[in-house]
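Architecture and fold: a report
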Amino acid sequence: MRYIRTLAVALTASLALAACGGGGEDANTASGTPKSGGTLKVSFWPDNPNFSCIDPFQVYWIEHRSIIRNFADSLTDQDPETGKIVPWLAEKWDISTDGLAYTFTLRDGVTFSNGKKVDAQAVADNVTGWIETVKTTNGAAYGASYIQGLTGATVVDPLTVKLTLSKPNSSFLQATSTTNLAITDPSEFALSPADRCTGKGVIGSGLFVLDHYTPKTETVLTKRAGYTWGSSLSENTGEARLDKVIFNYVAEDSVRTGNLTSGAIDIAWPRNPFSPQDQTLIEKTGKKIEERSLPGVSYTLFSNTTAGRPLADKQVRLALSKAIDRQTYATTIYGAGYPVVKGAFNSTTPYFKSEESKLAYDPDGAGKLLDAAGWTLGADGIRVKDGKQLTIDYPLTSFVSSAELLQAQAKKVGINITLRQLTPAQQATYLAEGSYDLTSTYFTRADPGALQFILNPDVANSKALARQASTPDAVTKVQDLFAKALQTTDEKQTTAAYEELQDYLIDEGITLPLNERVQKAGLSEKVHGFAFTSESFIKLNDVWKD
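Let me begin by describing the structure that accompanies this report.

1. Quick word on empty space enclosed by the protein
For the structure shown, the criterion picks out six cavities of 30 Å³ or more. For the largest cavity, the calculated volume is near 190 Å³.

2. Examining the nonpolar core
Nonpolar side chains in soluble globular proteins generally cluster together in the buried interior. Formed by 100 residues in total, the largest nonpolar core has its most connected members in Phe71, Phe104 and Ile267. In terms of residues, this core owes the most to one element, helix α4 (residues 120–136), which gives seven residues. In this structure Phe71 touches Ile54, Val202, Gly204, Ser205, Gly206, Phe208, Val209, Leu210 and Leu221, once residues within four positions along its chain are discounted. Counting residues in hydrophobic clusters, the runner-up holds 34 residues, among them Leu320, Ala366, Ala410 and Ile415.

3. A word on the side chain of Ser402
Along the chain, Ser402 turns up in helix α12 (residues 401–411). You can call Ser402 buried: its relative accessible area is 17%. Beyond its immediate chain neighbours, meaning those up to four positions away, Ser402 contacts Tyr329 and Ile333.

4. Comments concerning the packing of helix α7 (residues 253–262) against helix α8 (residues 276–284)
Packed helix pairs are characterised by how far apart their axes lie and by the angle those axes make with each other. Look at α7 against α8: their axes get within 10 Å of each other, and the N-to-C directions meet at 5°. The angle between the axes of α7 and α8 places the two elements in the roughly parallel class. Counted together, Asp253, Ser254, Thr257, Leu260 and Thr261 of α7 and Asp278, Leu281 and Ile282 of α8 form the full contact between these two elements. Its residues placed into classes, the contact of α7 with α8 shows three nonpolar, three polar and two charged.

5. A short note on the sheet that holds strand β14 (residues 376–377)
Strands sit in the order β14-β15-β16 across an open sheet of three strands; the sheet is antiparallel. The open sheet terminates on both sides in strands that have one partner only, identified here as β14 and β16 (388–389). Where strand β15 (residues 383–385) meets β16, two bridges bridge the pair, whose relative direction is antiparallel. By the bridge assignment, Lys385 is partnered in β16 with Lys388.

6. Regarding the layout of surface pockets
Of the volumes computed, that of the second largest pocket is approximately 450 Å³. For the second largest pocket, the lining is made up of 25 residues, of which Gln148, Lys167, Asn456, Asp458 and Val459 are closest to its centre. Breaking the lining of the second largest pocket down by element, the ones donating at least two residues are α14 (452–455) and α16 (472–486). Top contributing element to the lining of the second largest pocket by residue count: α16, with four residues. Residue classes in the lining of the second largest pocket are distributed as eleven nonpolar, eleven polar and three charged.

7. What to know about the pattern of salt bridges
For the coordinates displayed, the defined rule picks out 22 salt bridges. Ionic pairing is found between Glu525 and Lys287, a salt bridge with its closest N-O pair at 3.5 Å. Here Glu525, found in the loop between β21 (518–523) and β22 (527–528), pairs with Lys287, found in the loop between α8 and β12 (288–293); they are 238 residues apart in sequence, far enough to count as distant. Residue Arg383 pairs with Asp371 through a salt bridge whose shortest N-O separation is 2.8 Å. Here the residue Arg383 occupies a position in strand β15, and Asp371 occupies one in helix α11 (residues 363–372), the gap between them amounting to twelve residues. Residue classification places Arg383 among the buried positions, given a relative accessible area of 5%.

8. So, the packing of aromatic side chains
Aromatic rings in a pair are described by how distant their centres are and how their planes are angled relative to each other. Evaluated as defined, the whole model comprises 21 aromatic pairs. Ring centres of Trp93 and Phe104 lie 6.4 Å apart, and the angle between their planes is 50°; this geometry places the pair in the tilted category. Pair noted here: Trp93 is in strand β4 (residues 90–95) and Phe104 is in strand β5 (residues 101–106), with a separation of eleven residues, a long-range link. Trp93 sits in the buried class, given a relative accessible area of 16%. An angle of 55° between the planes, with centres 4.9 Å apart, marks the rings of Tyr227 and Trp229 as tilted. The exposure classification of Tyr227 matches that of Trp229, with both residues buried. These aromatic residues form a ring-pair network of at least three members: Phe51, Tyr60, Trp61, Tyr142, Tyr146, Phe443 and Phe453. In this arrangement the basic side chain of Arg271 is found over the ring face of Trp61, its NZ or CZ atom lying 4.3 Å from the centre.

Conventions used here
- Residues numbered from 1 in each chain as written.
- Predicted model: local features only at pLDDT ≥ 70, side-chain atom pairs only at ≥ 80, totals over all residues.
- Heavy atoms only, no water.
- 1 Å grid on protein atoms, 1.4 Å probe; cavity = no way out; pocket = protein on both sides within 12 Å on 5 of 7 lines; lining within 4 Å.
- Points joined across faces, edges and corners; volume = space filled by probe spheres on them.
- Core = buried A, V, L, I, M, F, W, Y, C linked by side-chain atoms within 4.5 Å.
- Buried < 20%, exposed > 50% of the residue type's maximum accessible area, 1.4 Å probe, protein only.
- Helix = DSSP H or I, 4+ residues; strand = E, 2+ residues; numbered from the N terminus.
- Contact = heavy atoms within 4.5 Å.
- Axes fitted to C-alpha atoms, helices over the stretch in contact; angles between N-to-C directions.
- Parallel < 35°, antiparallel > 145°, perpendicular 65-115°, else oblique.
- Nonpolar A, V, L, I, M, F, W, Y, C, P; charged D, E, K, R; others polar.
- Pairing = 2+ DSSP bridges.
- Salt bridge = Lys/Arg side-chain N within 4 Å of Asp/Glu carboxyl O.
- Phe/Tyr/Trp six-rings, centres within 6.5 Å; stacked < 30°, edge-to-face > 60°.
- Lys NZ or Arg CZ within 6 Å of the ring centre and 35° of its normal.

Quick look at the structure:
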């Protein structure tokens, strides 16, 4: 198993910031005896307009991954407090000394919601389906990043299956705990990826059943009778206490908050943290807020380092980083007490290393770097070199106050960030065209391997962004450090490589972290037993309503 030595400390620090503790209450101590029955109503951020999908292996939309967690189980589960991988559909496992074979012994008696057995053959068929889906989608399926090196599976006996890899991948065990590698009825893989996205044929073994998915409108889960195999990380390992869960999609944060405070819904689940005003309103009306940092890549700026671009110069990238007052950024955008980002990853990510001192606000240091790079202050306060202003193009899908704050902070050291509204057509092409200086993205996964999907051109979702985010030499260095971390069974080597990687990313200005990503949830006073998973998704095993 892959443990982490900093995660528990990081989580403790992160959760200490939570308004209500972040991990959910103990249903038996806070609110009496759990009750069965009732419908839970949850309002999410809008459905993905470009890729509406509820198929576990393909989907990346974190709201849908949260839904999937409750109708499709995985081979293993991950403790959100320690990062430890624990049994779930698999009772135990063995990893070969060379890291190329993972042999899982499955629980007996587990079935999909249609009655079919979850046995070794079903798992092996899922592996085949995952690999074929990667080929069919040309690597676009989100699950592709979780199965690097996976070559197939062999049935040893009805309850034992061996998964084989072409090269060691130390993050693979954690991958088996994720929603993207949830085990589903393998008959779904006979359908096209597009059909599976609609929910057609997607059948899991979870405590709920996917009743229906209506893109951009709602997703409904219904209780599954006879469920008895929840992981040990839930107090309730049996049938769900709720009869039904209705997830709808609401675009306006204020509407979502209003629905919660009026009692129309039970849980308001925003994509971005509640505004300070909404948070105050929620708490004043007797509701509560749970929160936990999302693991994975923090909300980060990535540069276009193509020759001739201003951010091709490492000194300019580092100057921009020093110009960002991350403390002010966090409190201005998200309110007092919001955690300040401390590295390339959020603090709940395994192997997280704080780079806080390197990310300190240092406008004087930024000025010195720009001076050394030949950029001198012009009469209007913007730096100039060879007759050209230091202008950085930051295209946006929509104008937001956070980008305007970044623009204002950069201007104080003489960097002119221009904010450019992208048309829908431009949104699809600007990365491939390289028509930008800055872009921003993130990746949610409770493993640092998440960053490969952004920076490693071999597996990145956007090959163009990965190639342009750093120089060819830096790309090679990042790939080598990932290889050292992943292609080993030595925990010390994995830890050392990930620590070196995090230092390198900040020292070279490859990643410019802006803010910690925190998932918040507003809860009705009628909701009890709430908890987050290791990926900061909603876990419904213990949830019940008055």
